[in-house]
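The chain contents come next:
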2 protein chains.
Amino acid sequence: MTFELFYWPGLQGRGEFVRLAFEATGTSYVEIVQGKPPGQGMDGLLRTMDDPVCTDPPFAPPFLRVGDELIGQTANILAYLGPLLGLVGESPRARRWVNQLQLTLADLVAEVHDAHHPIASRLYYSNQRMEARKRTAELIDYRLPKFLGYFERVLANNPYAGGWLSEGAMSYADLSLFQVVEGLRYAFPRVMSGFAKAFPRCQATHDAVARVPRIAAYLKSSRRTPFNTTGIFRHYKELDRASPF
Amino acid sequence: MTFELFYWPGLQGRGEFVRLAFEATGTSYVEIVQGKPPGQGMDGLLRTMDDPVCTDPPFAPPFLRVGDELIGQTANILAYLGPLLGLVGESPRARRWVNQLQLTLADLVAEVHDAHHPIASRLYYSNQRMEARKRTAELIDYRLPKFLGYFERVLANNPYAGGWLSEGAMSYADLSLFQVVEGLRYAFPRVMSGFAKAFPRCQATHDAVARVPRIAAYLKSSRRTPFNTTGIFRHYKELDRASPF
């Protein structure tokens with residue numbers, strides 16, 4: 001089975017949540033665009049996504065091609081890969097729970113994106129800087145504490161030992177929580193220095209994922225695109241500030 | 001098996017996507033808040049959601065209680081109910097595809113909400129009216145055509161007859177597409193009069209769902225909360241305008 005991953009070049013974006021699942025499990029996958037010379041790959045992505053006769057077109061990247069099937073939507077891709085790669089518990093109930101956690105992380109990711117693009121994702125940040133300042137303040141003061149507080153509670157209440165979100169083993173939701181915390185630390189280093197103390201369990205899960213040998217190796221490799229100001233998590237100095245905690 | 005649905009009172013919101021699945025299939029369910037006298041039910045919702053020792057807390061309504069399991073996130077609830085209620089095909093591939101469609105509809109729903117609340121869902125519309133005007137223009141000119149054009153293509157390319165999104169039978173994604181089109185028609189009647197002609201397949205699927213006898217009966221019943229300006233789809237006259245088509 002060959003997993004072909006289609007995602008925009010030059011940024012981690014939502015494709016990174018899928019990459020982490022492959023990398024954490026040593027699963028081989030083919031990047032259709034990332035790492036290819038400029039121009040190469042992109043035509044394959046667009047041709048596949050915009051194929052006028054495709055019966056299961058994705059709305060947007062990331063999407064996987066597995067045989068003749070296209071699988072889109074990050075959480076849907078991970079719900080498919082989780083059982084195949086051993087990144088979710090066996091029971092239907094555990095799978096529903098991890099999917100639910102992933103969807104909540106996806107909501108948070110969308111809010112982080114919209115904090116720097118509150119008016120139009122089509123336009124530049126510089127065209128909506130005033131509004132971004134307002135929405136980012138809202139994100140920092142209300143939304144991040146609500147989301148991180150929620151995951152802190154989930155980690156605290158998990159009856160299994162190990163510090164993972166579901167049961168006693170790392171799931172793809174833990175990988176995604178790592179990515180979200182890592183991205184927020186890049187985007188808002190001042191804010192997050194306080195949050196690390198306010199939400200120590202989220203921080204510990206982040207650190208535990210970063211120590212997984214395959215993940216540690218991946219993060220140091222050239223396959224890991226550095227964070228930058230074209231992705232979801234963006235560092236604009238004017239938007240960072242003292243932590244509310 | 002008793003399905004208990006927890007959702008905010010007085011608005012359709014995301015709870016309505018779950019209600020439509022129950023109503024379309026004649027499945028009995030218990031509303032914990034909706035339809036109860038003011039004050040009643042709400043304490044049950046908040047107590048359940050905020051239970052400090054709960055091991056599978058939902059982040060937000062809607063959520064279902066089934067036995068001792070809480071199931072949150074609209075798309076996750078529908079992925080659970082779909083097979084039980086016969087609202088999705090049998091094959092894993094069909095289930096992934098319908099889940100993918102539902103997640104894309106969920107993205108559209110979030111964008112519709114943020115069009116009237118681009119800065120803070122915590123604050124009133126009147127506090128972000130200027131920004132709402134800009135983001136709604138973006139929604140109408142770019143995002144709605146992109147999303148509805150996508151579903152139009154999915155409907156056109158479905159090799160099965162019947163005018164449904166997946167295979168030859170109505171799935172929960174069709175119910176959700178109905179709800180989205182219905183909500184947009186309430187919010188933006190002038191815009192949508194043009195869109196009905198530009199996206200005739202979406203309109204036809206909407207109409208086919210509305211004609212399903214159980215749905216038609218539900219829409220006329222007191223169980224269907226009317227659209228209003230506290231929900232996701234809101235009619236503010238100043239935000240509606242001539243259709244771009």
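Residues numbered from 1 in each chain as written. Chains lettered and ligands numbered in written order. Predicted model: local features only at pLDDT ≥ 70, side-chain atom pairs only at ≥ 80, totals over all residues. Heavy atoms only, no water.

What is the right way to read the overall build of chain A from this model?
Helix and strand content of chain A: nine helices and four strands. Listed N to C, the secondary structure of chain A is β-α-β-α-β-β-α-α-α-α-α-α-α in terms of helices and strands. Projecting the C-alpha coordinates of chain A onto the three principal axes gives extents of approximately 50 × 45 × 30 Å. Going through the 245 residues of chain A one by one, you find that 59% of them count as buried. (Helix = DSSP H or I, 4+ residues; strand = E, 2+ residues; numbered from the N terminus. Buried < 20%, exposed > 50% of the residue type's maximum accessible area, 1.4 Å probe, protein only.)

Which parts of the structure should I look at to understand the packing of aromatic side chains?
The relative placement of two aromatic rings is captured by the distance of their centres and the angle of their planes. In total, this model carries 24 aromatic pairs over all chains according to the counting rule given. A ring pair is formed by Phe6(A) and Phe63(A), whose centres lie 4.5 Å apart and whose planes are at 10°; its orientation type is stacked. Residue Phe6(A) is found in strand E1 (residues 4-6), and its partner Phe63(A) is found in strand E3 (residues 63-66); the two are separated by 57 residues along the sequence. Owing to a relative accessible area of 0%, Phe63(A) belongs among the buried residues under this scheme. Consider the rings of Tyr125(A) and Tyr236(A), whose centres lie 3.8 Å apart with planes at 5°: the pair is stacked. Here Tyr236(A) lies in the segment after helix H9 (213-220) and Tyr125(A) lies in the loop between helix H4 (92-116) and helix H5 (129-157), a separation of 111 residues in the sequence. For the pair Tyr125(A) and Tyr236(A), a shared accessibility class is recorded, and that class is buried. Every member of this aromatic cluster is reached through a ring pair, and the members are Phe59(A), Phe147(B), Tyr150(B) and Phe151(B). Against the face of Tyr142(B) rests Arg122(A), its NZ or CZ located 3.7 Å from the ring centre. (Phe/Tyr/Trp six-rings, centres within 6.5 Å; stacked < 30°, edge-to-face > 60°. Lys NZ or Arg CZ within 6 Å of the ring centre and 35° of its normal.)

Could you clarify how one ought to interpret the packing of helix H1 (residues 15-24) of chain B against helix H3 (residues 74-85) of chain B in this entry?
In a pair of packed helices, the angle between the axes and the distance between the axes together describe the arrangement. All names here are of chain B. Closest axis-to-axis distance for the H1/H3 pair is 10 Å, and the angle between their directions is 5°. The angle between H1 and H3 falls in the class roughly parallel. Every residue of H3 that contacts H1 at Phe17, Val18, Ala21 and Phe22 is listed here: Thr74, Ile77, Leu78, Leu81 and Leu85. When the residues that make up the contact of H1 with H3 are grouped by side-chain class, the tally is eight nonpolar, one polar and no charged. (Axes fitted to C-alpha atoms, helices over the stretch in contact; angles between N-to-C directions. Parallel < 35°, antiparallel > 145°, perpendicular 65-115°, else oblique. Contact = heavy atoms within 4.5 Å. Nonpolar A, V, L, I, M, F, W, Y, C, P; charged D, E, K, R; others polar.)

What should I look at first to understand the domain arrangement of chain A in this one?
By a widespread convention, an interface's size corresponds to the accessible area lost as its parts come together. Residues and elements named next belong to chain A. By the assigned domains, chain A splits into domain 1 (4-85) and domain 2 (92-212). The distance between the C-alpha centroids of domain 1 and domain 2 comes to 22 Å. If you look at the interface, domain 1 gives 12 residues, while domain 2 gives 13 residues. For the domain 1 face of the interface with domain 2, the top three residues by lost area are Phe17, Leu20 and Ala75, together amounting to 44%. Along the contact surface separating domain 1 from domain 2 lie zero salt bridges. Our enumeration of links across domain 1 and domain 2 arrives at one residue pair in polar contact (both at pLDDT 80 or more). Class assignment for the residues of the side of domain 1 that touches domain 2 results in eight nonpolar, two polar and two charged. (Domains from an automatic or database assignment. Buried area = accessible area lost by both parts, 1.4 Å probe. Salt bridge = Lys/Arg side-chain N within 4 Å of Asp/Glu carboxyl O. Polar contact = N/O pair within 3.5 Å; in protein donor to acceptor, adjacent residues only side chain to side chain.)

Would you explain the side chain of Thr25(B) in this entry?
Residue and element names in this part refer to chain B. One can find Thr25 in the loop between H1 and strand E2 (30-31). At a separation of 2.8 Å, a polar atom in the side chain of Thr25 contacts the main-chain carbonyl oxygen of Ala21. Looking at Thr25, its side chain comes within polar contact range of the side chain of Thr27, at 2.7 Å. Leave out the neighbours within four places in its chain, and Thr25 touches Leu85, Leu87 and Arg214.

Is there a simple way to explain the pattern of salt bridges in this structure?
Side-chain pairs of opposite charge can arise whenever the charged atoms involved come near each other. For the structure on display, the rule yields 33 salt bridges over all chains. Asp56(A) is the salt-bridge partner of Arg93(B), the closest N and O atoms lying 3.2 Å from each other. You can see Arg93(B) sitting in helix H4 (residues 92-116) and its partner Asp56(A) sitting in the loop between helix H2 (42-50) and E3, one on each of two chains. A salt bridge links Glu69(A) to Arg96(B), with the shortest nitrogen-to-oxygen separation between them at 2.8 Å. Of this pair, Glu69(A) sits in strand E4 (residues 69-72) while Arg96(B) sits in helix H4, which puts the two residues in different chains. Each member of the pair, Glu69(A) together with Arg96(B), is buried. A single salt-bridge network, built from bridges that share partners, covers Glu16(A), Arg19(A), Glu31(A) and Arg224(A).

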